[in-house]
Structure formats: C-alpha cells, structure tokens
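Here is how the chains run, residue by residue.
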Amino acid sequence: MKHIAKKSLGQNFLNSPGAISKMVSAAGAREKDIVLEIGPGKGVLTRALLNTAGKVVAIEKDYELAAFLHEEFKKEIDEGRLEIIEGDALDFDPQKMSFYKNFEYKLIANIPYNITGAIFEKFLSAKYQPSVLVLLIQDEVAKRIVAKSSKESILSISIKAYGDPVYIQKVVRGSFFPIPGVDSAILAVNNISRNNFEDLEHETVFFSLLKIGFSHKRKKLAGNLRDYSKDIEWRTILSSIGVDSEIRAEDLDLKDWILLGKTILDINRS
C-alpha cells in the first residue's frame, strides 16, 4: 500500500523486523491472550501479533489505513482473530476489553510521541487495566521513566505506582519511515496492578500530592506541598516518614510517595 504519512497524526511507520520481534516478545503474547494494539498503521506489527496472540483488537485513527487493514486482514477478521476499530485511542473505553471473558489483555503500541503521557495515564489508571503494556516511545522519555539518572519525574513515579517499567532496547530513528528527528525505545510495564494502594481514596491522595509536589521543580517539596494544605507541617511529616525535610520531589522514590500518601490519608480521616 502506498500511503503518505500524515504529520498531523504523528505517523512514523516502524519497518524494523528486529524491533517488531522485540515488541512482541516483550508483551509475551500467547495463544490465550488478547492484545490491544494502538496505531496498527499498515499492519506490520499486527501480523506479527496474530502469529502469537489469540486475538488482536486494533485501534486505528486514520480512516484510510483502517480501510486498508479491513481489506488486508479480511481472512483474520472473518475468523474472529482480529477486530479493527476506527477511532482515537484516547476516546476508547478500556472497560470494553472486559467483554472478552476469560482473557487478560495486553497493550502494545507505536504511538505519536505527543500522546505518550496521555496513553500511560489512560490505561494504567483505568478500572480495567492491561496486565502488560509495551510502548515504542521517545528514547529520552523511556530513560527518564526508568530513572537511569536516579532522578525521578512525575511520569516515572506515576508509572511505577502501577507496574514495573523495563527499558527493553533502543530503536534508532532510521527504523522508521518517515524518519523522525530522535531515536525511540521499547519500554515495557510489567505486573500492572493497584497493589500499592489501600483503596481508591489512597490512590487519589497519592496522585494529588504527586502533582502538587512536582509543580515547581526547583522548589523544595515541603514548600510545594503547602498548595495541598497550609495547615499541615510538611517538614515534620517528611521527617516522620524518614525523608529529609529539605528534599526535592525528584529525589523521593516510589515507596516514599506511597507512605506520604498513606500518612496524609490518615490525617484526612482523623
């Protein structure tokens, strides 16, 4: 198929067999699994997934590519092994994946860089989460998520709250057409759950504190947290959970944020 990539949709088509194989392997898709694929494009990754997964549900925003996929994979669609959904993944309700009973679903995607954060937030915080998430994202962002510099970010902590991010491998810019301006990387998030939170209220308080804590990166955490409540002695609270009261948000790890959320939750309930 001859298709001119649409810059407005951030289309960069992956054409590296090695990277495709790594993505499928990272997802660990097996015959009993259902895979949700975002942005199948010309279906190169889709075909590889159909060789291992029981069923693939693919969301494609480009109506021309959606029409092509219906024709290219008519046999697999007729067999019920592939479902093509034309639309925006950001409008998709993950709860629809619960319709496929007795299956856990895994999410795999080559997405435009500008919706990376939105995709992570939408599916990790969904009521019906994927068990594994594999994304092809900007290399620099992938490295920040696993905090190779030891400095955390709001994105890295948000992702670690729900699962274990693993940097799989770098994918150089020449692996795409058209060629993007930066290199990419395959990032997997394994063991996705809500086990870090006692309940929904704990989860809500955790993310409120996280957002406020990172609101002014150069300020100390205790100062930022005053925007959550000016009635709390934040330096005392931080010291009570074993954290330096003069620390900045980027220097706290996940367990510190979880404990901080639980401490404030207990105060709110008292």
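1. Concerning helix H1 (residues 17–27)
Okay, step 1: When we look at burial in H1, the residues that qualify are Ala-19, Ile-20, Met-23, Val-24, Ala-26 and Ala-27. Across the axial projection of H1, the buried residues extend over an arc of 160°, all falling on one side. Along H1, exposed side chains directed more than 90 degrees from the buried face belong to Pro-17 and Ser-25.
Okay, step 2: Looking one or two residues beyond H1, the residue adopting positive phi is Gly-28, at roughly 60°.

2. Focus: the sheet that holds strand S6 (residues 132–138)
Okay, step 1: Spatial strand order, S4-S3-S2-S5-S6-S9-S7: 7 strands in an open sheet with mixed pairing. Of all the strands in the sheet, the pair left with one neighbour each is strand S4 (82–86) and strand S7 (164–171). Geometrically, the sheet is characterised by an average inter-axis angle of 20° between neighbouring strands, direction not taken into account.
Okay, step 2: On the sheet, H1 packs against strand S5 (105–110), S6, S7 and strand S9 (184–190) and is oriented at approximately 150° with respect to S6.
Okay, step 3: Helix-sheet contacts for helix H5 (residues 116–124) involve strand S2 (34–38), S5, S6 and S9, and the interaxial angle to S6 is about 170°.

3. Observations concerning the pattern of salt bridges
Okay, step 1: Counted under the stated rule, the structure contains 26 salt bridges.
Okay, step 2: Residue Glu-203 pairs with Arg-194 through a salt bridge whose shortest N-O separation is 3.0 Å.
Okay, step 3: Asp-253 is the partner of Lys-255 in a salt bridge, and the nearest nitrogen-oxygen pair spans 3.8 Å.
Okay, step 4: Assessed through its relative accessible area of 59%, Lys-255 is described here as exposed.
Okay, step 5: Classification of Asp-253 as partly exposed rests on a relative accessible area of 29%.
Okay, step 6: Here the salt bridges share partners, and the residues they tie into one network are Arg-30, Lys-32, Asp-33 and Lys-106.

4. Comments concerning the packing of aromatic side chains
Okay, step 1: Evaluated as defined, the whole model comprises 8 aromatic pairs.
Okay, step 2: Both rings, one in Tyr-162 and one in Phe-197, keep their centres 5.9 Å apart while their planes meet at 65°; by these two values the pair is edge-to-face. Pair noted here: Tyr-162 is in the loop between helix H7 (154–160) and S7 and Phe-197 is in the loop between S9 and helix H8 (200–213), with a separation of 35 residues, a long-range link.
Okay, step 3: Residue class for Tyr-162 comes out buried when judged on its relative accessible area of 4%.
Okay, step 4: Arranged with centres 5.2 Å apart and planes meeting at 65°, the rings of Phe-197 and Phe-206 form a pair that is edge-to-face. The same class applies to Phe-197 and to Phe-206, which are both buried.

Rules behind the numbers
- Residues numbered from 1 in each chain as written.
- Predicted model: local features only at pLDDT ≥ 70, side-chain atom pairs only at ≥ 80, totals over all residues.
- Heavy atoms only, no water.
- Buried < 20%, exposed > 50% of the residue type's maximum accessible area, 1.4 Å probe, protein only.
- Helix = DSSP H or I, 4+ residues; strand = E, 2+ residues; numbered from the N terminus.
- Arc of directions from axis to C-beta.
- Pairing = 2+ DSSP bridges.
- Axes fitted to C-alpha atoms, helices over the stretch in contact; angles between N-to-C directions.
- Contact = heavy atoms within 4.5 Å.
- Salt bridge = Lys/Arg side-chain N within 4 Å of Asp/Glu carboxyl O.
- Phe/Tyr/Trp six-rings, centres within 6.5 Å; stacked < 30°, edge-to-face > 60°.

Scope: geometric values only; no functional claims are made or implied.
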